[in-house]
Amino acid sequence: MNHIETEISRRRTFAIISHPDAGKTTLTEKLLLYGGAIQSAGSVKGKSGDRHAVSDWMEIERQRGISVTSSVLQFEYQGCCVNILDTPGHQDFSEDTYRTLMAADSAVMVIDAARGIEPQTRKLFRVVSRRGIPILTFINKMDHEARDPFELLSELETEFGIATYPMNWPVSCGVTFRGIYDRQCREMLTYGDHHGGAKKLETVRCPIDDTAALDALIGERFRAELTDAVELLDGAGSDFDLDAIHNGKLSPVFFGSALHNFGVEQFLDSFLKLTTPPLPRKTADGETVDPMKEGFSAFVFKIQANMNKAHRDRVSFLRVCSGRFERGKEYYHVQGGKALRLSQPQQLMAQARDIVDEAYAGDILGVFDPGQFSIGDTVCEVGRDIRFSGIPTFAPEHFAVIEQVDSMKRKQFAKGMTEIAQEGAIQIFFYPNSGMEQVVVGVVGVLQYDVLRFRMKSEYGVEFRQRDLPHEFIRRVGNPDFSAADYNLPSDVLWVRDVRQRDLLVFNGQWTVRWAAEKNPGLVLSEFYEEIESA
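Keep in mind the model is a prediction, meaning the values are calculated, not measured.

So what exactly am I meant to see when it comes to the overall build of the chain here?
Check the secondary structure of the chain and you find 13 helices and 33 strands. Taken over 535 residues, the chain has a buried fraction of 57%. In the structure as shown, the chain presents an accessible area of about 22100 Å², 47% of it carried by carbon and sulfur atoms.

Given below as structure tokens:
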């Protein structure tokens, strides 16, 4: 195995998904703690004076105590280079999550032990499962009152149609939580400090067949319950099958408490053994790009403006799909049709950055972007033309008219709206033959308007007026040289254009969509959904 293959084989790139408040960002912090990337883990609560999570770097995230944008974090652990993609849990920011999942080779699904599977978890699981990548499950908050572990496993298998294999087993929960039993080494792991919080905890191990020692450690009652549970798991549970894990058919399940470090280190150790190096990627033509063999290629899955307030810069995030990236080397931007050198290539720890000279398949690169990249663009070796299969974009469900308050800040308003729209956080539409003074903004979730208002004020110094619209459905118009005046449309239908000057109609109800189609047989309407080419 040559140097490039060796480096690629030790990469692990995964996304963490969950419903809000299941503990996703807390688990991310603890993985960074055990990986040595940080010395103490932060809080994800929106309180002044708290130490905040590294991955929640935006000011609004720290104020609200929620993640509103995906964050990239990298660390070395046991000879592996681990790339974590921490995604927003709230459904209003789910489009950013969907795009980020396209850059992951595996996923960690965090479940609240008391609540079980929740709506956002269901949506994200469907996105991940379509790609057939490994899905590991971390059932969190066992230090709180929790549902029966067997019931939680049954829910996972029934709702998701995936087999489960518990890698460990909890002993009680809440105030009587005693720790976890490791099924691989057949030892009980309990902890002397139940309030370790931000620090690593020392683990006390005890073999399960040492009855006297186990009774002394967790009590006779809990030892008997554990023994019965283990016998049932060994006799009636799913068999361990690494191939099924790699194909997304079997989910290894871990129980623990991210807040108090129960089971986190064991989870991280197992994760490196259970997941794969970077996976091959399909192109739009159906070809397969081997990460080890094909030379450098990468796609843009995320764009973020103003990560550094001092420089007001824009960073494009590239997932390296194959080969080795070399700083200073000339590469080919497929959509731009020209050769370029990626400026200031950086590897990231949330907002912090380090200039790098090389990167390998599986890594995430941040590059300075003056506006040349769009989500889905491909960069590859000069002389090649690789276009990866598409990243989905989804129809907005909420619409509002946004207009600037101060006419003297027209340029700042236009710049801010354009740059934030290019990130994919919002979608902007224009009335025909009008400028940027007033635009229609569509979002998947209404909290995006709060983020937009905050960022426009803090990053661009612009305030705006917002008038919410009752419209809910948007359709693309397939007729060339379209004009709404030529068709019989309800008076409340909005005719708008996107940044590519394509015509769209926005309706305030499903019945108006049907009415417009019935009254205008020649009108060609299509769903808004599309796949952004080349990612």
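Let's pick the thread back up.
What should I look at first to understand the pattern of salt bridges in this one?
Taken as a whole and judged by the stated rule, the model has 32 salt bridges. In this structure, the salt-bridge partner of Arg-10 is Glu-7, at a minimum N-O distance of 3.1 Å. With a closest N to O distance of 2.8 Å, Arg-502 and Asp-498 form a salt bridge. Judged by its relative accessible area of 29%, Arg-502 is partly exposed. Three or more residues joined by partner-sharing salt bridges are found here, namely Glu-7, Arg-10, Arg-11, Glu-76 and Asp-363.

Would you take a moment to explain the packing of aromatic side chains for this structure?
The geometry of an aromatic ring pair is captured by the separation of the ring centres together with the interplanar angle, meaning the angle of the planes. As enumerated under the stated definition, the model contains 17 aromatic pairs in all. With centroids separated by 4.8 Å and ring planes inclined at 85°, the aromatic side chains of Phe-177 and Phe-262 adopt a geometry described as edge-to-face. Here Phe-177 is found in the loop between β7 (168–171) and β8 (179–182), whereas its partner Phe-262 is found in the loop between β11 (250–255) and α10 (264–274), with 85 residues between them in sequence. Aromatic ring contacts, followed pair by pair, group Phe-14, Phe-138, Phe-254, Phe-267 and Phe-271 into a single cluster. The lysine or arginine in question, Arg-183, covers the ring of Tyr-165, its NZ or CZ lying 4.5 Å from the ring centre. The ring of Phe-317 carries Lys-302 above its face, with NZ or CZ at 5.9 Å from the centroid.

What am I meant to see in the nonpolar core here?
Among soluble globular proteins, nonpolar side chains are generally buried collectively. Ile-139 and Leu-226 are the most contacted members of the largest nonpolar core, which totals 76 residues. When sequence neighbours within four positions are dropped, the list of residues in contact with Leu-226 reads Trp-169, Val-171, Tyr-181, Met-188, Ile-208 and Leu-214. In terms of nonpolar packing, the next biggest core, distinct from the first, is built from 30 residues, Ile-84, Ala-244, Ile-245 and Leu-268 among them.

Please explain unusual backbone geometry as it appears in this structure.
Peptide bonds are mostly trans, and most non-glycine residues show a negative phi. Residues other than glycine seldom take positive phi values, yet Arg-186 does so here, at roughly 55°. Structurally, Arg-186 is set in the loop between β8 and β9 (187–191). Even without being glycine, Asn-433 reaches a positive phi, approximately 60°. Within the fold, Asn-433 resides in the loop between β26 (427–429) and β27 (438–443). Residue Asn-433 is classed as exposed on the basis of its relative accessible area of 81%.

Even after reading the chapter, I still don't get the environment of Val-320, so can you show me in this structure?
Inspection of the secondary structure puts Val-320 in strand β15 (residues 314–322). Residues Val-320 and Ile-364, spaced 44 residues apart in sequence, show a C-alpha to C-alpha distance of 6.2 Å. Not counting the four nearest positions on each side in its chain, Val-320 is found in contact with Phe-296, Ser-297, Ala-298, Tyr-360, Ala-361, Gly-362, Asp-363 and Leu-365.

How should the sheet that holds strand β28 (residues 464–469) be read in this particular structure?
Sheet strands associate in pairs through backbone hydrogen bonding, adopting either a parallel or an antiparallel arrangement. As summarised here, the arrangement of the 4 strands in space is β26-β27-β25-β28, forming an open sheet in which the pairing is antiparallel. A strand with exactly one partner marks an edge of an open sheet, and here the two such strands are β26 and β28. Going from strand to strand, the sheet's axes swing by 30° on average, the running direction of each strand aside. Lying on the sheet, helix α11 (residues 410–422) is in contact with β25 (398–404), β26, β27 and β28; it crosses β25 at an angle near 155°.

Looking at this structure, how should I read the pairing of β27?
Working note: regular strand, side chains alternate between the two faces of the sheet. Extensive coverage of β27 is indicated by the burial of 5 of its 6 residues. Examined bridge by bridge, β25 and β27 share 6 bridges and lie antiparallel to one another. When the sheet's bridge partners are listed, Phe-399 is paired in β27 with Gly-442. As judged from the 3 bridges shared by β26 and β27, these two strands associate in the antiparallel manner. Bridge pairing in β27 links Ile-428 to Val-441.

Can you walk me through the environment of Glu-159 in this structure?
Locating Glu-159 in the fold gives a position in helix α6 (residues 149–160). On the accessibility criterion, Glu-159 (39% relative accessible area) is partly exposed. Separated by 42 residues in sequence, Glu-159 and Ile-117 have C-alpha atoms that sit 8.5 Å apart. For Glu-159, the residues in contact, after removing those within four places along its chain, are Ile-117 and Arg-122. Here the side chain of Glu-159 touches Arg-122 through a polar contact of 2.6 Å, side chain to side chain.

Please clarify how the sheet that holds strand β32 (residues 525–527) should be interpreted in this entry.
What the 4 strands build is an open sheet, ordered β30-β31-β29-β32; its pairing is antiparallel. Either end of the sheet is taken by a strand with one partner, and the two such strands are β30 (494–497) and β32. Each adjacent strand pair in this sheet contributes to an overall mean axis angle of 40°, direction not counted. Two strands pair when backbone bridges link them, and strand β29 (residues 473–477) and strand β31 (residues 503–507) are joined in this way by 4 bridges, in the antiparallel orientation. Residue pairing in the sheet places Ile-474 in a bridge with Val-506 of β31. Of the strands in this sheet, β29 and β31 touch helix α13 (residues 510–519), which is tilted by about 25° from β29.

Explain the confidence of the model for the chain to me, please; I cannot follow it from the model alone.
Predicted coordinates in areas of low pLDDT are best not read in detail. Per-residue confidence for the chain averages 84 on the pLDDT scale, and 85% of its residues sit at or above 70. Predicted confidence for residues 60–69 stays below pLDDT 50, and this span has 43 contacts to residues more than four positions away or in other chains. This stretch, residues 531–535, has a pLDDT under 50; its non-local contacts, to residues over four places away or in other chains, come to 30 contacts.

Would you mind showing me how to read the environment of Leu-452 here?
Mapped onto the secondary structure, Leu-452 falls in helix α12 (residues 447–460). Beyond its immediate stretch of four places on either side in the chain, Leu-452 contacts Met-417, Ile-420, Ile-426, Val-441 and Phe-464.

It is not clear to me how the pairing of strand β5 (residues 135–140) should be interpreted in this structure. Could you clarify?
The element β5 is largely enclosed, with a buried count of 6 among its 6 residues. Here β5 shows a buried face lined by Ile-135, Thr-137 and Ile-139 and a second buried face lined by Leu-136, Phe-138 and Asn-140. Summarising the sheet, strand β4 (residues 106–112) and β5 pair through 6 bridges and their orientation is parallel. The residue of β5 that forms the bridge with Ala-107 is Ile-135.

Calculation notes
Residues numbered from 1 in each chain as written. Predicted model: local features only at pLDDT ≥ 70, side-chain atom pairs only at ≥ 80, totals over all residues. Heavy atoms only, no water. Helix = DSSP H or I, 4+ residues; strand = E, 2+ residues; numbered from the N terminus. Buried < 20%, exposed > 50% of the residue type's maximum accessible area, 1.4 Å probe, protein only. Areas by Shrake-Rupley, 256 points an atom, 1.4 Å probe, with all protein chains shown as cover. Salt bridge = Lys/Arg side-chain N within 4 Å of Asp/Glu carboxyl O. Phe/Tyr/Trp six-rings, centres within 6.5 Å; stacked < 30°, edge-to-face > 60°. Lys NZ or Arg CZ within 6 Å of the ring centre and 35° of its normal. Core = buried A, V, L, I, M, F, W, Y, C linked by side-chain atoms within 4.5 Å. Contact = heavy atoms within 4.5 Å. Pairing = 2+ DSSP bridges. Axes fitted to C-alpha atoms, helices over the stretch in contact; angles between N-to-C directions. Polar contact = N/O pair within 3.5 Å; in protein donor to acceptor, adjacent residues only side chain to side chain. pLDDT = per-residue confidence, 0-100.

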